[in-house]
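Structure at a glance
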Amino acid sequence: MNQVQKLKKELVAAIVSLMIAAVALSSATYAWFISNSTVTGTTSTISATTNGFILQIAKLEEGAQHGGEQKSLEAFSTGATLSPASTDDFNHWYVCQSWDNQGFVTNYSIPPFVTGEDVKPGNYKGADGKDYYAFIRSDYIVYTITETGTADVYLAVEDDKPPVSITVKNGEGSETVTGSMRVAITTQAVGADGHSATGPETVRVVYALNNETGKGNDSTAKDGWTSIQNVNGTPQLEHVTYPYVYAGNYTDQKAPNTKNWAATKEGDNFTVPENSEAIAENVGYDGIVVHVYIWMEGTDSDCVNGKSIENDPSTYDVTVKLAGVATGN
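These numbers were taken from a predicted model, which means no experiment stands behind them.

Basis of the calculations
Residues numbered from 1 in each chain as written. Predicted model: local features only at pLDDT ≥ 70, side-chain atom pairs only at ≥ 80, totals over all residues. Heavy atoms only, no water. Disulfide = S-S within 2.5 Å. Buried < 20%, exposed > 50% of the residue type's maximum accessible area, 1.4 Å probe, protein only. Core = buried A, V, L, I, M, F, W, Y, C linked by side-chain atoms within 4.5 Å. Helix = DSSP H or I, 4+ residues; strand = E, 2+ residues; numbered from the N terminus. Pairing = 2+ DSSP bridges. Axes fitted to C-alpha atoms, helices over the stretch in contact; angles between N-to-C directions.

1. Here's the deal with the state of the cysteines
This structure, assessed with the given rule, holds zero disulfides. Cys 96 takes part in no disulfide bond, and the closest cysteine sulfur to it belongs to Cys 303, at a distance of 8.8 Å. The exposure class assigned to Cys 96 is buried, which follows from its relative accessible area of 11%. The exposure class assigned to Cys 303 is buried, which follows from its relative accessible area of 1%.

Following this line, the structure appears as structure tokens:
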């Protein structure tokens, strides 16, 4: 079997490492922490587990690194400062605006996002005039090397480890951060220039460390996975509409969906069970844009002041693993 045929048969993974660093939880009064409780992001890194594989990954603005295989194994992006926010469709984002005398959130507003050249997505000005972020978005291009066919892209479960992990460093960490953190993957077509996105953005799947079963601090709180949604022009808390999974449970939890989102490594290869949903199908030489969103879901039951750790120096590494499974296997 020649090298190209061998590569077509191999099922291999790439690792996306997104670092969110230096959480500062001080003296917030109610849930959602408003502007004085934040997570500061630094450098994000993408790398791959092995050489000579089908799937490659790079920073979107640099485009696919064809002809430079080793360079294609790594990419870097910069994080930001997170404050709790909520979304359901990644077009409408909300932060809390007002509370009742019991500390329950009664109203929400769209944060005043900053616009202009070189402005990062999610950036807005807080009431104190400082910069905050409703979300961090990192943009990548995922593609295959020449003559190796196409690949379907899944979340990668390797050595019984989840495809998304949150690692605490420089402290004990805060349940507020790890419990309320969401990681979403969306896809988009690659622009004609090869290093931009074009066309509609599709939400594929949202991941949390744990299943959400409790209620947050909204005055109309509901059990389970919730978000603030645009209902006839008004922000309203409802159960989420997007597909979601959590550690150890990679079958879509949004009823009545039942499709699996992960490929599992068995020996040297990854296998995909029947009734699975790929994050992206038939990814080829030209690639597809993959966006990774990270935010603290303000309606989560963990995103409340009583669970904060004041002045916690912890940093958080968020790692997302994707498996490129050769099409037809």
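2. Points about the nonpolar core
Judged by nonpolar contacts, the single largest core of 34 residues is most densely connected at Leu 155 and Leu 322. No other element matches strand β22 (residues 288-296), which puts five residues into this core. Core analysis: the second largest hydrophobic core is formed by 17 residues, Trp 93, Ala 184, Ala 208 and Trp 225 among them.

3. What about the sheet that holds strand β3 (residues 55-59)?
Pairing is mixed across the open sheet formed by six strands, whose spatial order is β3-β11-β22-β14-β15-β18. Looking at the sheet topology across the chains shown, the edges are occupied by β3 and β18 (244-246). Along the sheet, successive strands turn relative to each other by an average axial angle of 30°, direction set aside. Sheet topology places strand β15 (residues 197-208) next to β18; three bridges connect them, and they run parallel. Looking at β18, one finds that Ala 208 is bridged to Tyr 246.

4. Thoughts on the environment of Val 292
By secondary structure assignment, the location of Val 292 is in strand β22. What makes Val 292 buried here is its relative accessible area of 3%. Considering only alpha carbons, one finds Val 292 and Val 183, 109 residues apart in sequence, at a separation of 6.9 Å.

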